[in-house]
Amino acid sequence: MKKAKVNVILQSKFASNDGSLSVYAMQNNIPYINVEVQHGHQDENLRLIELAVAALREHGLVKKE
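Source: prediction; values computed, not measured.

*Asks:* Teacher, can you tell me more about the pattern of salt bridges here?
*Replies:* Side chains that carry opposite charge are capable of pairing whenever their charged atoms lie near each other. For the structure on display, the rule yields two salt bridges. Linking Glu58 and Lys3 is a salt bridge whose minimum nitrogen-to-oxygen distance equals 4.0 Å. One end of the pair, Glu58, is in helix α2 (residues 42-58); the other, Lys3, is in the segment before α1 (21-27), with 55 residues separating them in the sequence. Judged by relative accessible area, which is 55%, Glu58 ranks as exposed. Taking relative accessible area as the criterion, Lys3 reaches 77% and is therefore assigned exposed. For the salt bridge of Glu44 with Arg47, the shortest nitrogen-to-oxygen distance reads 3.0 Å. Residue Glu44 and its partner Arg47 are both found in helix α2; the two are separated by three residues, about one turn of the helix.

Quick notes on the rules
- Residues numbered from 1 in each chain as written.
- Predicted model: local features only at pLDDT ≥ 70, side-chain atom pairs only at ≥ 80, totals over all residues.
- Heavy atoms only, no water.
- Salt bridge = Lys/Arg side-chain N within 4 Å of Asp/Glu carboxyl O.
- Helix = DSSP H or I, 4+ residues; strand = E, 2+ residues; numbered from the N terminus.
- Buried < 20%, exposed > 50% of the residue type's maximum accessible area, 1.4 Å probe, protein only.

As structure tokens, then:
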């Protein structure tokens, strides 16, 4: 994601369990990427999703097509 100049935030290992999916994924060692863009920015949303999937594939965290 950094290569694509996308801002990212890593979920803290010490985050309190607030019931969020990001905390659940971190606690259960599940790869998880949350993509957020402004309303109406569909092209940017799709671009970020494609980058996220590519990053997961690069690290062997999802099956290749």
